[in-house]
4 protein chains.
Amino acid sequence: MKIAPKLTLEDARLMMTAAEKKAVEIGVDMDIAIVDDGGHLLLFQRMDNARITSITIAIDKAFTAAAARKSTRAYGEVSGPGQPAFGINTSIGGRFMIFAGGLPIFIDDQPVGGIGCSSGSPGQDEEVAQAGLDALLGSL
Amino acid sequence: MKIAPKLTLEDARLMMTAAEKKAVEIGVDMDIAIVDDGGHLLLFQRMDNARITSITIAIDKAFTAAAARKSTRAYGEVSGPGQPAFGINTSIGGRFMIFAGGLPIFIDDQPVGGIGCSSGSPGQDEEVAQAGLDALLGSL
Amino acid sequence: MKIAPKLTLEDARLMMTAAEKKAVEIGVDMDIAIVDDGGHLLLFQRMDNARITSITIAIDKAFTAAAARKSTRAYGEVSGPGQPAFGINTSIGGRFMIFAGGLPIFIDDQPVGGIGCSSGSPGQDEEVAQAGLDALLGSL
Amino acid sequence: MKIAPKLTLEDARLMMTAAEKKAVEIGVDMDIAIVDDGGHLLLFQRMDNARITSITIAIDKAFTAAAARKSTRAYGEVSGPGQPAFGINTSIGGRFMIFAGGLPIFIDDQPVGGIGCSSGSPGQDEEVAQAGLDALLGSL
């Protein structure tokens, strides 16, 4: 048996508030998803002008980051033709996301979840996800 | 072209707050989902002790109620063996929910979305969904 | 080699016009789908107040009727608990429809397609499908 | 609550007629799909020599354009190896289309739907979609 930290809904709300604030700051309405250590949805919101396609993409970015314990951007960097993870994006029924915007959440080196954002450029998506992550880590 | 009312994230938040309050009141942590008129997710939260299986069930109850424009309980009443809609629950990739907890949202007789709850008994799920719906309708 | 009749887009339009007329007559906006002998979509329309869930259901009723060469109602009659086709509705990824509203199209005893309707009661759905079928058969 | 324009079946028919006319003019039978702002099918037709594979492709191009609010061609331009959206085509169960032929429909800067065409070259597909879009915009 071991003891591990677990994200609460309150933690997820703190992250969501900070991520939304950043999205407003950069002027891009986003779909924002926060998942637990099992990759399962804890909290989600779609801002009024965010894309409908980005609902699933945000949730799957959060899932991928949490469950693979790595940023989705990092997977993109090794998934091009000829690279070692080429084709990984079609795995898990197409849920494995390989472009920026999904970040894993670690507490005391333990994986506890992920945050995924979508609707902007991948760079903007990651910036908003990072703001959510920073808020959580800063609160500990 | 016609003009129709659309739910905003702010509307969804108002519903979520009221639904959560009811869930706390009856002592059952819930998964709660609110979707737009296309059945697409606007807002979701999982309370700390809510079921993981209920994430998808809550989202699909909200989807079914919004997109079929009827409560999921009403479908259950006509889907038993020998009844006219027997088998409808396996349609749409199994997303069509036929037990209580999903309610459509109508504004001025126009369908604008749905709310779906899961983790309690179907009766409790519907009670929490109804609290969310009442809050929205009461605010107009 | 054999020679077989094939539905054209013009045939499908003739069916659609008659089905829509019947839907208007009974006062229920419908999703109406017409497929070819391979079960593949030829023509589809959603009337303004028809259900979103019924898009897939109408298409899958037409598919089932065309590809199984029997009305979807006929399958419902043998798919209850203890009956020979119990459980068939979960086959083909859940596309196999077992409630009324899907009719096969036969020309000279050859299967050439199907028509599927959804948004009303199953009985109304079948009535609208029948009107489409009758128009085609009456035109030959 | 906000108020937004919605496509009607009549709007979709106007688009379909113009798109078909263009397809006839360039001599390529097409699958043509028109969806609402939620990406849900409103109207579809397959011309007699159009491809069966293109049924789903046309529907998914319309879905992608409507729900992502951008042309499918524009996504193709940023989805090659080494580009920021590489891998986006496998998202949403593989429905995310990244080659030309899907166009979003905006009315007064509000996203109201999409049109998707398939069976010709991607350039021809987009030309036919554009003809449908132009007819709607010209009618307002």
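About the thresholds
- Residues numbered from 1 in each chain as written.
- Chains lettered and ligands numbered in written order.
- Predicted model: local features only at pLDDT ≥ 70, side-chain atom pairs only at ≥ 80, totals over all residues.
- Heavy atoms only, no water.
- Helix = DSSP H or I, 4+ residues; strand = E, 2+ residues; numbered from the N terminus.
- Least-squares fit on C-alpha atoms with pLDDT ≥ 70 in both.
- Contact = heavy atoms within 4.5 Å.
- Buried area = accessible area lost by both parts, 1.4 Å probe.
- Salt bridge = Lys/Arg side-chain N within 4 Å of Asp/Glu carboxyl O.
- Polar contact = N/O pair within 3.5 Å; in protein donor to acceptor, adjacent residues only side chain to side chain.
- Nonpolar A, V, L, I, M, F, W, Y, C, P; charged D, E, K, R; others polar.
- Pairing = 2+ DSSP bridges.
- Axes fitted to C-alpha atoms, helices over the stretch in contact; angles between N-to-C directions.
- Buried < 20%, exposed > 50% of the residue type's maximum accessible area, 1.4 Å probe, protein only.
- Parallel < 35°, antiparallel > 145°, perpendicular 65-115°, else oblique.
- Left-handed = near helix turned anticlockwise from the far one by under 90°.
- Patch = residues over 30% accessible without salt bridge, like charges linked within 9 Å, V, L, I, M, F, W, Y side chains within 5 Å.
- Areas by Shrake-Rupley, 256 points an atom, 1.4 Å probe, with all protein chains shown as cover.
- pLDDT = per-residue confidence, 0-100.

**A closer look at unusual backbone geometry**
- Phi is positive for A:Ser119, which is not a glycine, with a value near 135 degrees.
- Summarising the element assignment, A:Ser119 is placed in the loop between strand S4 (110-118) and helix H4 (122-139).

**Concerning the relation of the copies chain C and chain B**
- Note on the identical chains: chain C maps onto chain B by a rotation of 91 degrees and an axial translation of 0.4 Å, with an RMSD of 0.2 Å. The superposition operator between the copies reduces to a four-fold rotation axis. If distances are taken from each C-alpha of chain C to the rotation axis, the shortest is found for C:Thr90, at 4.1 Å.
- Each copy contacts the other with its own distinct surface, as only 20% of the interface residues of chain C are interface residues in chain B too.

**Some remarks on the interface of chain D and chain A**
- Chain D puts 21 residues into the contact, and the matching count from chain A is 20 residues.
- In total, about 1,500 Å² of surface goes out of reach between chain D and chain A, with carbon and sulfur atoms giving 63% of it.
- Contact with chain A buries area across many residues of chain D, yet D:Arg69, D:Phe86 and D:Thr90 alone supply 34% of it, more than any other trio.
- Counting across the interface, chain D meets chain A through 0 salt bridges.
- At the junction of chain D with chain A, the criterion picks out 6 residue pairs in polar contact (both at pLDDT 80 or more).
- If you list the elements that add at least two residues to the side of chain D that touches chain A, you get helix H2 (53-68) and helix H4 (91-94) of chain D.
- A total of 4 residues in the side of chain D that touches chain A trace back to one element, the largest contributor, which is H2(D).

**Overview of the interface of chain C and chain B**
- Listed per partner, the contact involves 20 residues of chain C and 21 residues of chain B.
- Regarding the contact of chain C and chain B, the summed buried area is about 1,500 Å², with carbon and sulfur atoms giving 63% of it.
- Contact with chain B buries surface across chain C, with C:Arg51, C:Ile52 and C:Thr53 losing the most and accounting together for 36% of the total.
- On inspection of chain C and its partner chain B, the count reaches 0 salt bridges.
- Here chain C and chain B share 6 residue pairs in polar contact (both at pLDDT 80 or more) between them.
- Broken down by element, the residue count for the side of chain C that touches chain B peaks at 3 residues, all from helix H2 (residues 53-68) of chain C.
- Each residue belonging to the side of chain C that touches chain B can be placed in one class, and the counts come to 9 nonpolar, 9 polar and 2 charged.

**A closer look at the sheet that holds strand S3 (residues 102-107) of chain C**
- Spatially, the 8 strands line up as an open sheet ordered S3(C)-S4(C)-S1(C)-S2(C)-S3(D)-S2(D)-S5(D)-S4(D), and their pairing is antiparallel. With partners counted over all chains shown, the strands left at the sheet margins are S3 of chain C together with strand S4 (102-107) of chain D, one partner each. On average, each strand axis in the sheet is tilted by 15 degrees relative to the strand beside it, whichever way the strands run.
- Here helix H1 (residues 9-26) of chain D sits on the sheet and contacts strand S2 (41-46) of chain C together with strand S2 (31-36), strand S3 (41-46), S4 and strand S5 (110-118) of chain D; the angle it forms with S3(D), its principal contact strand, is near 25 degrees.

**A word on the pairing of strand S3 (residues 41-46) of chain B**
- Most of S3(B) sits out of view: 6 of its 6 residues are buried.
- The pairing of strand S2 (residues 41-46) of chain A with S3(B) spans 3 bridges and is classified as antiparallel. Residue pairing across strands places A:Leu43 opposite B:Gln45, the latter belonging to S3(B).
- Of the pairings in the sheet, the one linking strand S2 (residues 31-36) of chain B to S3(B) comprises 5 bridges and is antiparallel in character. If you follow B:Ile34 over to S3(B), its bridge partner there is B:Leu43.

**Things to note about the packing of helix H1 (residues 9-26) of chain B against helix H4 (residues 122-139) of chain B**
Residues and elements named next belong to chain B.
- Running from amino to carboxyl end, H1 crosses H4 at an angle of 140 degrees, the nearest separation of the two axes being 8 Å. The angle between the axes of H1 and H4 places the two elements in the oblique class. Every pair of crossing elements has a handedness; the one defined by H1 and H4 is right-handed. Note on element contacts: H4 touches H1 through Gln124, Glu127, Val128, Ala131, Gly132, Leu133, Ala135, Leu136 and Ser139, opposite Asp11, Leu14, Met15, Ala18, Ala19, Lys22, Ala23 and Ile26.

**Some thoughts on the relation of the copies chain D and chain A**
- Its rotation angle being 91 degrees, the transformation that places chain D on chain A also includes 0.4 Å of axial translation and leaves an RMSD of 0.2 Å.
- When the interface residues of chain D are mapped onto chain A, a mere 19% of them again lie at the interface, so each copy presents a different face.

**Things to note about the pairing of strand S1 (residues 31-36) of chain C**
All names here are of chain C.
- When you tally the buried positions in S1, you get 6 out of 6 residues, the bulk of the element.
- Hairpin connection, S1 to S2: the antiparallel pair is bridged by 4 residues, and glycine 39 has positive phi, about 80 degrees.
- Strand direction decides the pairing type here: S1 and strand S4 (residues 110-118), joined by 6 bridges, are antiparallel. Paired with alanine 33 across the bridge in S4 is glycine 116.

**Some remarks on the sheet that holds strand S4 (residues 102-107) of chain B**
- Reading across the sheet, the 8 strands line up as S3(A)-S4(A)-S1(A)-S2(A)-S3(B)-S2(B)-S5(B)-S4(B) and stay open at both edges, with antiparallel pairing between neighbours. One side of each edge strand has no neighbouring strand; the edge strands of this open sheet are strand S3 (102-107) of chain A together with S4 of chain B. Taken pair by pair, the neighbouring strands of this sheet meet at an average axis angle of 15 degrees, ignoring direction.
- Where helix H1 (residues 9-26) of chain A meets the sheet, its contacts fall on strand S1 (31-36), S2, S3 and S4 of chain A together with S3 of chain B, and the angle it forms with S2(A) comes to roughly 25 degrees.

**Focus on a nonpolar patch on the surface**
- Residues B:Met1, D:Leu137 and D:Leu140 make up a contiguous nonpolar surface patch of about 270 Å² in total accessible area.
- With respect to the element layout, D:Leu140 can be found in the segment after helix H5 (122-139).

**Concerning the environment of B:Ile59**
- Inspection of the secondary structure assignment puts B:Ile59 in helix H2 (residues 53-68).
- B:Ile59 sits in the buried class, given a relative accessible area of 17%.
- Linking B:Ile59 and B:Gly114, residues 55 residues apart in sequence, is a C-alpha distance of 9.5 Å.
- Those residues in contact with B:Ile59 that sit more than four places away from it in its chain are A:Leu41, B:Ala33, B:Leu41, B:Phe44 and B:Arg95.

**Quick word on the confidence of the model for chain A**
- Predicted confidence across chain A gives a mean pLDDT of 97, with 100% of residues reaching 70 or more.
- Model confidence for the complex: the whole-complex pTM is 0.97, and ipTM, which rates the interface, is 0.96.

**Digging into the pattern of salt bridges**
- For the coordinates displayed, the defined rule picks out 34 salt bridges over all chains.
- One salt bridge in this structure joins A:Glu20 and B:Arg13, with 2.7 Å as the shortest N-O distance. With A:Glu20 in helix H1 and B:Arg13 in helix H1, this residue pair bridges two chains.
- Of the residues examined, A:Glu20 reaches a relative accessible area of 18% and is grouped as buried.
- Here B:Arg13 falls in the partly exposed class, since its relative accessible area comes to 32%.
- Between C:Lys61 and C:Asp125 there is a salt bridge, with its nearest N and O atoms 3.0 Å apart. Taken together, the residues C:Lys61 in helix H2 and C:Asp125 in helix H4 (residues 122-139) connect sequence positions 64 residues apart.

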